[in-house]
Amino acid sequence: MSSVTDFLLNRASEPRLEAPAPGTAILEKAFAAASRAPDHALLRPWRYLVIEGEGLNALGELFAAAHTDSNEKKLEKARKKALRAPMVIVGIASPRPHRKVPESEQLLSAGASMSFLGLALQDAGYGVMWRTGDVAYHPTVLEGLGLKAGESVTGFLYTGTVSSRKPIVPRPEVADFVTRWPE
Ligand SMILES: Cc1cc2nc3c(=O)[nH]c(=O)nc-3n(C[C@H](O)[C@H](O)[C@H](O)COP(=O)(O)O)c2cc1C
């Protein structure tokens with residue numbers, strides 16, 4: 001099989017990330033790759049926000065504002081979550097009404113786009129970690145990030161240089177999730 005398959009078989013998400021983050025040229029290419037996701041009727045139902053530097057502190061403030069608990073330790077922990085990498089890319093699904101393409105398909109397309117983005121960044125040598133959590137669904141965060149009605153966060157893609165690799169994740173056996181039909 002091609003080197004693409006070998007690459008996929010060897011990729012892993014990496015949570016421990018540090019500077020430097022991907023530069024402009026690499027980002028440009030990775031976003032171009034993200035736009036190659038399968039996309040029924042070419043609706044392009046996705047968009048992205050790139051956050052780094054001071055923006056990460058602002059993101060941390062949004063994460064903290066999403067907490068109902070006012071315990072300062074917990075708020076500080078929420079703020080720090082935005083600083084787990086030198087860059088956070090917010091994936092946003094922007095489905096639009098279409099006669100033939102239900103919203104569910106457009107969300108799948110936005111997820112595929114996010115996946116392609118992560119793979120392209122990994123191919124360029126950077127680590128990525130796709131995260132969500134409560135903050136990805138909290139109205140304060142969505143409003144603060146400027147999401148419009150009908151939009152949702154597909155995820156926060158943390159990216160940067162891998163500082164240390166995570167332990168190997170056990171992978172499922174193909175036979176456990178693939179069968180022939182009819183048997
Ligand atoms: C939509 C989505 C949301 C995720 N959210 C989180 C998260 O909030 N926290 C987390 O630790 N992993 C999250 N993950 C899983 C990681 O991105 C990663 O896939 C997982 O740790 C397995 O590692 P691997 O990619 O090396 O198999 C999420 C994955 C997806 C697709």
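Everything numeric here is computed off the predicted structure, so don't read it as measured data.

1. Focus: helix 2 (residues 24-34)
In an α-helix, one turn spans 3.6 residues, which is why side chains three or four residues apart end up on the same side.
Alright, step 1. Buried within helix 2 we find Leu27, Ala30 and Ala34. What you see down the axis of helix 2 is that its buried residues fit within an arc of 65 degrees, all on one side. Turned more than 90 degrees away from the buried face of helix 2 sit Ala25, Glu28 and Lys29, all of them exposed.
Alright, step 2. Summarising the contacts, the buried residues of helix 2 are in contact with strand 2 (46-52), strand 3 (87-93) and helix 5 (103-123).

2. Topic: the site of the ligand
Alright, step 1. Near the ligand, the surroundings consist of Arg11, Ala12, Ser13, Met129, Trp130, Arg131, Thr132, Gly133, Lys166 and Arg171.
Alright, step 2. With respect to the ligand, the side chain of arginine 11 contributes an N or O atom lying 2.9 Å from an oxygen atom.
Alright, step 3. In this structure, an oxygen atom belonging to the ligand sits 2.5 Å away from a side-chain N or O atom of arginine 171.
Alright, step 4. Taken by itself the ligand offers 620 Å² of open surface, and the protein chains cover 57% of this.
Alright, step 5. Residue composition of the shell around the ligand, grouped by class: 3 nonpolar, 3 polar and 4 charged.

3. So, the packing of aromatic side chains
Alright, step 1. For the coordinates displayed, the defined rule picks out 2 aromatic pairs.
Alright, step 2. Centre to centre, the rings of phenylalanine 63 and phenylalanine 156 are 5.3 Å apart; their planes meet at 80 degrees, and the pair counts as edge-to-face. Taken together, the residues phenylalanine 63 in helix 3 (residues 54-65) and phenylalanine 156 in strand 5 (residues 152-162) connect sequence positions 93 residues apart. Residue phenylalanine 63 shares its accessibility class with phenylalanine 156, and that shared class is buried.
Alright, step 3. Its end group placed over the ring of tyrosine 158, arginine 131 keeps NZ or CZ at 5.5 Å from the ring centre.

4. Notes on the UniProt feature "binding site: FMN" (unreviewed entry) in the protein chain
Alright, step 1. Per the UniProt annotation, the sites labelled "binding site: FMN" (unreviewed entry) are Arg11, Ala12, Ser13, Arg36, His40, Trp130, Arg131 and Thr132. In three dimensions, the annotated residues from a span of 122 residues occupy distinct locations, with a maximal C-alpha spread of 28.1 Å.
Alright, step 2. Mapped onto the elements, arginine 36 comes out in the loop between helix 2 and strand 2.
Alright, step 3. As for its position among the elements, threonine 132 is in the loop between strand 4 (127-131) and helix 6 (139-144).
Alright, step 4. With residues near it in sequence (within four places) discarded, threonine 132 still touches Tyr137, Thr154, Gly155 and Phe156.

5. Re a nonpolar patch on the surface
Alright, step 1. Taken together, the side chains of Val174, Phe177 and Val178 make up a nonpolar region of the molecular surface, amounting to roughly 300 Å² of accessible area.
Alright, step 2. The class of valine 178 is partly exposed, set by a relative accessible area of 44%.

6. Concerning helix 5
Alright, step 1. Between its first and last C-alpha atoms helix 5 spans 30 Å; for 21 residues at 1.5 Å apiece the expected length is 30 Å, and the two agree.
Alright, step 2. Within the sequence span of helix 5, burial applies to Gln106, Ser109, Ala110, Gly111, Ser113, Met114, Leu117, Gly118, Leu121 and Gln122.
Alright, step 3. Here the buried face of helix 5 lies against helix 1 (3-10), helix 2, strand 2, strand 3, strand 4 and strand 5.
Alright, step 4. Glycine 125 sits one or two positions beyond helix 5 and adopts a positive phi of about 100 degrees.

7. So, unusual backbone geometry
Alright, step 1. In the segment running from alanine 19 into proline 20, the intervening peptide bond is cis, with an omega of 5 degrees.
Alright, step 2. Mapped onto the elements of the fold, proline 20 is located in the loop between strand 1 (17-18) and helix 2.
Alright, step 3. Omega for the peptide link from tryptophan 181 to proline 182 comes to -5 degrees, which places this bond in the cis form.
Alright, step 4. By secondary structure assignment, the location of proline 182 is in the segment after strand 5.
Alright, step 5. Phi is positive for arginine 44, close to 50 degrees, though the residue is something other than glycine.
Alright, step 6. Take arginine 44: it is sitting in the loop between helix 2 and strand 2.

8. Brief notes about the UniProt feature "domain: Nitroreductase" (unreviewed entry) in the protein chain
Alright, step 1. As annotated by UniProt and renumbered to match this structure, "domain: Nitroreductase" (unreviewed entry) occupies residues 25-160.
Alright, step 2. In residues 25-160, the share of helix is 43% and the share of strand is 21%. The end C-alpha atoms are 15 Å apart.

Conventions we followed
- Residues numbered from 1 in each chain as written.
- Predicted model: local features only at pLDDT ≥ 70, side-chain atom pairs only at ≥ 80, totals over all residues.
- Heavy atoms only, no water.
- Buried < 20%, exposed > 50% of the residue type's maximum accessible area, 1.4 Å probe, protein only.
- Helix = DSSP H or I, 4+ residues; strand = E, 2+ residues; numbered from the N terminus.
- Arc of directions from axis to C-beta.
- Contact = heavy atoms within 4.5 Å.
- Near = heavy atom within 4 Å.
- Polar contact = N/O pair within 3.5 Å; in protein donor to acceptor, adjacent residues only side chain to side chain.
- Areas by Shrake-Rupley, 256 points an atom, 1.4 Å probe, with all protein chains shown as cover.
- Nonpolar A, V, L, I, M, F, W, Y, C, P; charged D, E, K, R; others polar.
- Phe/Tyr/Trp six-rings, centres within 6.5 Å; stacked < 30°, edge-to-face > 60°.
- Lys NZ or Arg CZ within 6 Å of the ring centre and 35° of its normal.
- UniProt positions renumbered as here; feature names shortened; annotations may be inferred.
- Patch = residues over 30% accessible without salt bridge, like charges linked within 9 Å, V, L, I, M, F, W, Y side chains within 5 Å.
- Salt bridge = Lys/Arg side-chain N within 4 Å of Asp/Glu carboxyl O.
- Expected span 1.5 Å × (residues − 1).

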